[in-house]
Amino acid sequence: MEWLEGLGLFGLFIGTFLAATIFPFSSDALYLAILAATQSPVSCLLIGTLGNWLGSVLTYWIEKWFKVRPETLQKQKERIDRYGVWLALTAWIPIIGDVIAIALGFYKTRPGWTMILLLVGKFARFLVWNLIYGLF
C-alpha cells in the first residue's frame, strides 16, 4: 500500500477503487494516510469517493463471474427482499460491502437507485473521516 501513498491523489483513486472490488485491503488506512500527507480534504473526499464508488459499481456489474453456494444465495435473497436497494448504503463496510454489491447485482436491484445509494454511502464514509480529523 505504500506505493499507492507515493502516488498521492492518483494512488488514492486506484487504492479506493481496488478496495471496493474483491481486493482485500483497507481503503480507510490509505485514505487517512493521503489525507494527512496532502492536507487537501476536499480533493481527498471527492477522489476517494469517486474511486470507491466506481469500484462498487464494477462489483455490482460483475456478479455473473461469481459462483455462489445455493444456501448463501437464499440467505442473501432474504436480505435483498427485505431491504432491497437500501442495502447499497452499507456497501462501504469492509469485507461484507463487496458481498453486498455483488448480491445487489445478482438480484438485479434497480441500477439507477443502487448507483445513487452506493455513491451516497461512499461519500458519507469519507466525509466522516474528514470530520473526525477536523479537516472541514
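If you're wondering where the values come from, they're calculated on a predicted model, not measured in any experiment.

Asker: Quick rundown of the packing of aromatic side chains? Include the residues and the values.
Answerer: To describe a pair of aromatic rings, one takes the distance between the centres and the angle between the planes. This structure, assessed with the given rule, holds four aromatic pairs. Relative to Phe17, the ring of Phe13 lies with its centre 6.4 Å away and its plane at 20°, an arrangement referred to as stacked. Of this pair, Phe13 and Phe17 both sit in helix H2 (residues 9–19), four residues apart, roughly one helical turn.

Asker: Outline the nonpolar core, supporting the account with residue identities and numerical values.
Answerer: Within the largest apolar cluster, 13 residues are counted, with the highest numbers of intra-cluster contacts made by Ile80, Leu87, Ala88, Ile100, Leu104, Met115 and Leu118. Among residues more than four places away in sequence, those in contact with Ile100 are Leu87, Thr90 and Ala91. Core analysis: the second largest hydrophobic core is formed by 10 residues, Leu4, Ile14, Leu35 and Phe126 among them.

Asker: Please provide a residue-by-residue account of H2, values included.
Answerer: Within an α-helix, residues lying three or four positions from one another point in the same direction, as the helix has 3.6 residues per turn. Turning to H2, its buried residues number three or more, namely Gly11, Leu12, Ile14, Gly15, Thr16 and Ala19. Contact partners of the buried residues in H2: helix H1 (2–6), helix H3 (27–38), helix H4 (41–61), helix H6 (96–106) and helix H7 (111–132).

Asker: I'd love a proper account of the environment of Val128, names of residues and values included.
Answerer: Along the chain, Val128 turns up in helix H7. Using a relative accessible area of 44% as the deciding quantity, one classes Val128 as partly exposed. For the pair Val128 and Thr114, spaced 14 residues apart in sequence, the C-alpha to C-alpha distance is 21 Å.

Asker: Can you lay out the side chain of Ser27 for me, pointing to particular residues and giving the numbers?
Answerer: Within the secondary structure, Ser27 sits in helix H3. A relative accessible area of 3% means that Ser27 is categorised as buried.

Asker: Account for a nonpolar patch on the surface, with residues named and values stated.
Answerer: There is a patch of nonpolar side chains on the surface, built from Trp3, Leu7 and Phe10 and spanning about 360 Å² of accessible area. Assignment of secondary structure puts Trp3 in helix H1. Of the residues examined, Trp3 reaches a relative accessible area of 54% and is grouped as exposed.

Asker: Tell me about the pattern of salt bridges, residues and numbers included.
Answerer: A complete count under the given rule lists one salt bridge for this structure. Across the salt bridge formed by Asp28 and Arg125, the nearest N and O atoms sit 2.9 Å from each other. Residue Asp28 is found in helix H3, and its partner Arg125 is found in helix H7; the two are separated by 97 residues along the sequence. Taking the relative accessible area as the measure of exposure, Asp28 reaches 13% and is therefore buried. Classification of Arg125 as buried rests on a relative accessible area of 9%.

Asker: With reference to specific residues and values, describe unusual backbone geometry.
Answerer: The general pattern is negative phi for most residues beyond glycine and trans for most peptide bonds. Not every positive phi belongs to a glycine, and Gln39 is a case in point at roughly 55°. Positionally, Gln39 belongs in the loop between H3 and H4. Look at Lys108: it is not a glycine, yet its phi comes out positive at around 55°. Its location among the elements puts Lys108 in the loop between H6 and H7. Classification of Lys108 by relative accessible area gives exposed; the value is 58%.

Conventions adopted
- Residues numbered from 1 in each chain as written.
- Predicted model: local features only at pLDDT ≥ 70, side-chain atom pairs only at ≥ 80, totals over all residues.
- Heavy atoms only, no water.
- Phe/Tyr/Trp six-rings, centres within 6.5 Å; stacked < 30°, edge-to-face > 60°.
- Helix = DSSP H or I, 4+ residues; strand = E, 2+ residues; numbered from the N terminus.
- Core = buried A, V, L, I, M, F, W, Y, C linked by side-chain atoms within 4.5 Å.
- Buried < 20%, exposed > 50% of the residue type's maximum accessible area, 1.4 Å probe, protein only.
- Contact = heavy atoms within 4.5 Å.
- Patch = residues over 30% accessible without salt bridge, like charges linked within 9 Å, V, L, I, M, F, W, Y side chains within 5 Å.
- Areas by Shrake-Rupley, 256 points an atom, 1.4 Å probe, with all protein chains shown as cover.
- Salt bridge = Lys/Arg side-chain N within 4 Å of Asp/Glu carboxyl O.

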